[in-house]
Amino acid sequence: MINVSILGYGTIGSGVFQIIRENGQIIAERTGEEITVKSILDLRDFPGDIAEDIIVHDFAEIDSDDSVQIVVETMGGLHPAYEFVKASLEKGRSVCTSNKALVAAFGPELLKIAEDKKCNFLFEASVGGGIPVIRPLRSSLAPDVIEQISGILNGTTNYILTEMTEKGSDFDTVLKDAQAKGYAEKDPTADIEGHDACRKIAILTSLAYGHQLDFEDIYTEGITNITDRDINYAKKLGAKIKIFGSSKKEGEKVSAMVAPKLITVSHPLYSVDGVFNAILIKGNMAGDVMFYGQGAGKLATASAVVSDIMEASKHQGINIKTIWDNQKLGLVPFEESISKFFVRLKGTKADNEAKVSEVFGNVTPVDAGYSDEYAFITEAITEAKYTGASEKLGNVINKIRIDV
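Given the structure is predicted, the values throughout are model-derived calculations rather than measurements. (Residues numbered from 1 in each chain as written. Predicted model: local features only at pLDDT ≥ 70, side-chain atom pairs only at ≥ 80, totals over all residues. Heavy atoms only, no water.)

Draft legend 1. Up close: the overall build of the protein. Check the secondary structure of the protein and you find 14 helices and 19 strands. The buried share of the protein, taken over its 404 residues, is 54%. Considering only contacts within the protein whose residues lie at least 6 apart along the sequence, 74% involve residues at least 24 apart. (Helix = DSSP H or I, 4+ residues; strand = E, 2+ residues; numbered from the N terminus. Buried < 20%, exposed > 50% of the residue type's maximum accessible area, 1.4 Å probe, protein only. Contact = heavy atoms within 4.5 Å.)

Right, dumping it as C-alpha cells:
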C-alpha cells in the first residue's frame, strides 16, 4: 500500500482525494499498488466532509509520519509550499505538485534534491492542467531537438478573447462574466497580465533545453489593451487575437515572449477557443505535435496530479531523470526579436501615411471603416526598430504582433 498526504484541501486537493477514492480500483490495477490518502493538511476544519477524520492542521504531523511515501502539494504560492516540499524530498518522499509558481521558481533545486534522495519531484499539472505535456516533453520527445514551443496557456484569457470575438463585447464586460462563471479569479491580474502564461512557458522551455529560464526575464504583455476595435480589425484580416506563450531556439540561445498575437485560419491553434488550452511543440524529428484540452478545472487538473502519484508509486526508490539545472539559459535580447506588427494610429490616413512610410518603410494599410484612425501591418522588423519608429510617430493607439 502507498500512503499519500495532501497539502491543501482546496479545489485541486479535494479533486485529488475524490479521484483516489472513486477510481481507486483502476488506479491500483494500473500501478500494482493500492493508493490511500493517509492525511490532508489544511488550516480549516471540514465538519461533515468525508475527509474530516484525516484532516490535520500542522505539517509536523505529516513530516514525522514514517508511513507516508508520497506528498501532494496543492496549496499554491511559494511559502510555505517550498519549505514543505523541500522537507518532504529531503526525507526521500516523492512530491507531486500542481504549483506552477513553485516549479518555475525552484524547479532545478527541488529536482536535484529528488535525484540525490532517489525519489521524484513531479509536476505534470503545473502546465496545462489536465493536458499531458510535461511527461511527453520529457520522454516521448526526448530524442528531438525542440525547435519551438507555442501555446495558448491560460484558459481565462482565451475565454475572454473568444467572447470578445464572438459576441462583440468589450473587455471589462467579458471579464466580469468570466468572474461570475468562475473562469477568472476575483483578482485576475495573474491571468490577464500574462504572468500565469509566463511561468508556464518558462517551465516548458527550461525542460526543453535543460537549463533554467527565469520567468522574470521573459517579456510579458497581457490582454488589457485589447479593444473591440482590435477584434474588428482582426476579423477584417480573417484573423483572431490569441495570447501566446512562446519560445524558439535560435542558435545556442532561445527567444521567449508572452503577448497577444494575430493568427489566421491556417495556424494550428486558430480554432482553440473558450477555456481550452493548446500547446504546439516542434521537434527537429517529430515535427509539429499539438496537445489540446482543458487547461484548468478541478478534476482535469487533479487527474494530472494523480497520474504523477501513480508514476511515483511505480518508481519507489528510483529517480526518474529530469534534465533541468540551475545554469541560466541563454536568452536572445528582446529588442532583437523579429515580428510583423499590426499598428493603429490616431488620425486619418492623410495625417499619417507619409510619416508612417518614412519611419517604417513599406507597410500594408488595413481599413476596418474607422475614419478617426489609420491602421497598417509592418514588414518583419526587430522590436528595437518598432519601438524607435513608434516613438517617432507618437500617436500609437495599440500594436499587436502577428504570428507567422
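Draft legend 2. A look at the packing of helix H4 (residues 81-90) against helix H5 (residues 100-116). Viewed as axis vectors pointing N to C, H4 and H5 meet at an angle of 15 degrees, and their least axial separation amounts to 10 Å. Here H5 runs roughly parallel to H4, going by the angle between their axes. Pair H4 / H5 crosses with right-handed handedness. Here Ala81, Tyr82, Val85, Lys86, Leu89 and Glu90 of H4 lie close against H5, whose contacting residues are Leu102, Phe106, Glu109, Leu110, Ile113 and Ala114. (Axes fitted to C-alpha atoms, helices over the stretch in contact; angles between N-to-C directions. Parallel < 35°, antiparallel > 145°, perpendicular 65-115°, else oblique. Left-handed = near helix turned anticlockwise from the far one by under 90°.)

Draft legend 3. Layout of the environment of alanine 87. The topology assignment puts alanine 87 in helix H4. Look past the residues within four positions of alanine 87 in its chain and what remains in contact with it is Phe59 and Asp63.

Draft legend 4. Representation of helix H12 (residues 298-314) within the structure. When the terminal C-alpha atoms of H12 are compared, their 25 Å separation across 17 residues agrees well with the 24 Å that a helix rising 1.5 Å per residue should span. The set of residues buried in H12 consists of Thr301, Ala302, Ala304, Val305, Val306, Asp308, Ile309, Met310, Glu311, Ala312 and Ser313. (Expected span 1.5 Å × (residues − 1).)

Draft legend 5. Structural detail: the pairing of strand S15 (residues 338-346). Here S15 runs beside strand S18 (residues 381-382); their pairing, made up of 2 bridges, is antiparallel. Across the sheet, residue serine 339 finds its bridge partner in S18, namely isoleucine 381. Bridge count for S15 against strand S17 (residues 373-378) is 5 bridges, and the pairing is antiparallel. When the sheet's bridge partners are listed, arginine 344 is paired in S17 with alanine 375. (Pairing = 2+ DSSP bridges.)

Draft legend 6. Summary view of H4. The buried fraction of H4 amounts to 7 of the 10 residues, a majority that puts the element mostly inside the structure. Residues of H4 that are buried: Ala81, Tyr82, Phe84, Val85, Ala87, Ser88 and Leu89. Taken from the residues just after H4, glycine 92 is the one with a positive phi, measuring 85 degrees.

Draft legend 7. Here's a closer look at the pairing of strand S10 (residues 239-250). Counted residue by residue, S10 has 9 buried out of 12 residues, so it is predominantly covered. Two strands pair when backbone bridges link them, and strand S7 (residues 146-152) and S10 are joined in this way by 4 bridges, in the antiparallel orientation. Of the residues in S10, the one forming a bridge with serine 150 is serine 246. Pairing between S10 and strand S11 (residues 253-264): 12 bridges, direction antiparallel.

Draft legend 8. Broad picture of a nonpolar patch on the surface. A cluster of nonpolar residues, Phe276, Met290 and Tyr292, forms a patch on the protein surface that exposes about 280 Å² of accessible area. Relative to the elements of secondary structure, phenylalanine 276 occurs in strand S12 (residues 276-283). Judged by relative accessible area, phenylalanine 276 falls into the partly exposed class, the value being 30%. (Patch = residues over 30% accessible without salt bridge, like charges linked within 9 Å, V, L, I, M, F, W, Y side chains within 5 Å. Areas by Shrake-Rupley, 256 points an atom, 1.4 Å probe, with all protein chains shown as cover. Salt bridge = Lys/Arg side-chain N within 4 Å of Asp/Glu carboxyl O.)

Draft legend 9. Spatial organisation of the pattern of salt bridges. For the structure shown, the criterion picks out 23 salt bridges. A salt bridge links lysine 86 to glutamate 109; the nearest nitrogen and oxygen atoms lie 3.4 Å apart. In this pair, lysine 86 sits in helix H4 while glutamate 109 sits in helix H5, placing the two residues 23 residues apart along the sequence. With a relative accessible area of 24%, glutamate 109 lands in the partly exposed category.

Draft legend 10. Quick look at the side chain of aspartate 196. Within the secondary structure layout, aspartate 196 lies in helix H10 (residues 195-209). On the basis of relative accessible area, aspartate 196 is assigned to the buried category, the value being 9%. Contact partners of aspartate 196, with chain neighbours within four places excluded, come to Lys100, Leu153, Asn154, Ala190 and Asp191.

Draft legend 11. Region of the structure containing the sheet that holds strand S4 (residues 70-73). Spatial ordering of the open sheet is given by S3-S2-S1-S4-S5-S6, a layout of 6 strands whose pairing is parallel. In the strand order of this sheet, the two ends are held by strand S3 (55-56) and strand S6 (121-122), each with one partner. Pairing of strand S1 (residues 2-7) with strand S2 (residues 35-41), which is carried by 6 bridges, proceeds in the parallel orientation. When the bridges of S2 are listed, serine 5 appears paired with serine 39. The strands that helix H1 (residues 11-22) touches are S1 and S2; relative to S2, the one it contacts most, it runs at about 155 degrees.

Draft legend 12. Fine view of the packing of aromatic side chains. Tallied over the entire structure, the rule returns 15 aromatic pairs. Seen in terms of ring centroids, tyrosine 9 and phenylalanine 46 are 4.9 Å apart; in terms of plane orientation they differ by 90 degrees. Their pairing is edge-to-face. Of this pair, tyrosine 9 sits in the loop between S1 and H1 while phenylalanine 46 sits in the loop between S2 and S3, and the two are 37 residues apart along the sequence. Judged by relative accessible area, which is 8%, tyrosine 9 ranks as buried. Judged by relative accessible area, which is 17%, phenylalanine 46 ranks as buried. Aromatic pair phenylalanine 121 and phenylalanine 123: ring centres 5.4 Å apart, planes at 45 degrees, arrangement tilted. Assigned by exposure class, phenylalanine 121 and phenylalanine 123 land together as buried. Clustering of aromatic rings is evident, with ring pairs tying together Phe341, Phe360, Tyr374, Phe376 and Tyr386. Directly above the aromatic system of phenylalanine 215 lies the positively charged group of arginine 199, at a separation of 4.3 Å from the ring centroid. (Phe/Tyr/Trp six-rings, centres within 6.5 Å; stacked < 30°, edge-to-face > 60°. Lys NZ or Arg CZ within 6 Å of the ring centre and 35° of its normal.)

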